[in-house]
Amino acid sequence: MKSLIQKLVETPGPSGHESQVRELVKSEIEPLVDELYVDQLGNLIARKGQPEEDGLQIMLAAHMDEVGVAATHIDGQGFVRFLPIGALSPLTCLGSRVQFLNGASGVIGAERLADESKTPAFSQMFIDLGLSSRAECPVRIGDQAVFVQPFVDLGERLVGKALDDRAGVALLVEVLRQMQEQGFQTPHGLFFVFSVQEQVGARGAITAAYGVDPDLGIAIDATPSGDTPAGRKPGTSLGKGPAVRVRDGSTLFDPSIVDWIMQVAEIARLPYQLEVVEKEYTGGRAMQLSHAGVPVGCLSLPCRYLHSASEMVDIRDLQNGVRLLLELLRRPFHPGGG
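Keep in mind it's a predicted model, so treat the numbers as computed, not measured.

Visitor: How should I be thinking about the pattern of salt bridges in this particular structure?
Guide: When their charged atoms lie close together, side chains carrying opposite charge are able to pair. Enumeration according to the criterion identifies 18 salt bridges in this entry. Across the salt bridge formed by Asp153 and Lys2, the nearest N and O atoms sit 3.2 Å from each other. Here Lys2 lies in helix H1 (residues 2-9) and Asp153 lies in strand E10 (residues 152-153), a separation of 151 residues in the sequence. Given the relative accessible area of 28%, Lys2 is considered partly exposed. Glu116 is the salt-bridge partner of Arg112, the closest N and O atoms lying 3.4 Å from each other. When its relative accessible area of 72% is taken as the criterion, Arg112 is described as exposed. What makes Glu116 exposed here is its relative accessible area of 59%. Look at the salt bridges and you will find they share partners, linking Lys7, Glu28, Glu174 and Arg177 into a network.

Put into structure tokens, the structure is as follows:
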């Protein structure tokens, strides 16, 4: 999956501007699915198979968009003020390089603070394009930019921007590839959804879930790890398997699905972790609240330095996530509700 992940993370796609990522994913999966279409919000939706008598309509969702910034003001010297797109921290933004979708590049700086022990607010930060006047500035108010960093392969660990959630996108693409290679049989009808605008409220997953109307949903997303010095506790660890999410800031995941994922992982002798997250959310909430309600689960990929220019994941967690999803999808299952 490494070459695909590199292509995905090096393709810009902030919320609302996912078209380049969508075209890349479309080119990868078009030969692997029975039907492929783009809905009115921009979600890429792929159908594979039809549910058998004892099967379900299952929606598997990973989001294509990444965090970024949007220009709000340009001063007389050409410095660009901005607001974040998604949950960014000023600490991880300061000194980072960004590139606007029109190709203009700059570095994020901040006003000098009287108390340098304080963290600057976004209102005190700017993008320096190396200009001397507003007249030279190629950026307009509202233009969006994303972090610019090269992809780095450290062996088992991969570093790059937008691994949240391009790693999840790559995982679903790999599931489709392996289904094709294995002549995979499943009793379920599957919808692979590559959604838009997750970083600003999982908006794409909302409309996709209404369109697909699944019997069961599984979100695939990145999750903050806790395995760095004085990291968050409790937290996941890189290399110990995908995490089965029990609850997060917006969703109580269906207990029968949580148990099902755990049981199948243990039968298949695949590593997994359990996680409870206080604030973060996924597209699981969107699926859960669509129509009359949908039972949902979530597989999370542990990620260090989430929502920064240099996120880090472990390729083994993705590989084990692929194996676990394939084991789940080959089995009949009926959720038991709360």
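Visitor: How should I be thinking about unusual backbone geometry in this particular structure?
Guide: In most cases, non-glycine residues show a negative phi, while peptide bonds are predominantly trans. Looking along the chain, the bond that leaves Asp164 and enters Asp165 is cis, with omega of 5°. Its identity is not glycine, yet Ala202 carries a phi of approximately 50°, on the positive side. Its location among the elements puts Ala202 in the loop between strand E12 (189-195) and helix H5 (203-212). The phi dihedral of Tyr305 falls on the positive side, at around 60°, and the residue is not glycine. When you line up the elements, Tyr305 lands in the loop between strand E16 (296-303) and strand E17 (311-314). Using a relative accessible area of 43% as the deciding quantity, one classes Tyr305 as partly exposed.

Visitor: It is not clear to me how the sheet that holds E17 should be interpreted in this structure. Could you clarify?
Guide: What holds strands together in a sheet is hydrogen bonding between their backbones, with the strands either parallel or antiparallel. The strand order E10-E11-E17 describes an open sheet built from 3 strands, whose pairing is antiparallel. The outermost strands of the open sheet, each flanked by one partner alone, are E10 and E17. Note that strand E11 (residues 157-160) and E17 share 4 bridges and pair antiparallel. Counted as the bridge partner of Arg157 is Asp314 from E17.

Visitor: Looking at this structure, how should I read helix H4 (residues 163-182)?
Guide: What sets the pattern is the α-helix's 3.6 residues per turn: residues three or four places apart point alike. Compared with an ideal rise of 1.5 Å per residue, which puts 20 residues at 28 Å, H4 spans 27 Å between its outermost C-alpha atoms and is within 8% of the ideal. Counting buried positions along H4 gives 15 out of 20 residues, so the element sits mostly inside the fold. After H4 finishes, the residue Gly183 shows a positive phi value of roughly 60°.

Visitor: It is not clear to me how the side chain of Ser290 should be interpreted in this structure. Could you clarify?
Guide: Assignment of secondary structure puts Ser290 in the loop between helix H7 (284-288) and E16. Of note is the side chain of Ser290, whose polar atom sits 3.0 Å from the backbone oxygen of Met287. The contacts of Ser290, once residues within four sequence positions are left out, are Ala209 and Tyr210.

Visitor: How should I be thinking about a nonpolar patch on the surface in this particular structure?
Guide: Together, Val246, Leu274 and Val276 line one region of the surface with nonpolar side chains, adding up to about 240 Å² of accessible area. Positionally, Leu274 belongs in strand E15 (residues 273-276). The partly exposed category is assigned to Leu274, whose relative accessible area is 48%.

Visitor: Can you walk me through the state of the cysteines in this structure?
Guide: Formally, a disulfide is one covalent bond, and it connects the sulfur atom of one cysteine to the sulfur atom of another. Using the criterion set out here, one finds 0 disulfides in the structure. Take Cys93: it sits in no disulfide, and the sulfur closest to it among the cysteines is that of Cys303, at 15 Å. Residue class for Cys93 comes out buried when judged on its relative accessible area of 0%. Given the relative accessible area of 1%, Cys303 is considered buried.

Reading the values: rules and limits
Residues numbered from 1 in each chain as written. Predicted model: local features only at pLDDT ≥ 70, side-chain atom pairs only at ≥ 80, totals over all residues. Heavy atoms only, no water. Salt bridge = Lys/Arg side-chain N within 4 Å of Asp/Glu carboxyl O. Helix = DSSP H or I, 4+ residues; strand = E, 2+ residues; numbered from the N terminus. Buried < 20%, exposed > 50% of the residue type's maximum accessible area, 1.4 Å probe, protein only. Pairing = 2+ DSSP bridges. Expected span 1.5 Å × (residues − 1). Polar contact = N/O pair within 3.5 Å; in protein donor to acceptor, adjacent residues only side chain to side chain. Contact = heavy atoms within 4.5 Å. Patch = residues over 30% accessible without salt bridge, like charges linked within 9 Å, V, L, I, M, F, W, Y side chains within 5 Å. Areas by Shrake-Rupley, 256 points an atom, 1.4 Å probe, with all protein chains shown as cover. Disulfide = S-S within 2.5 Å.

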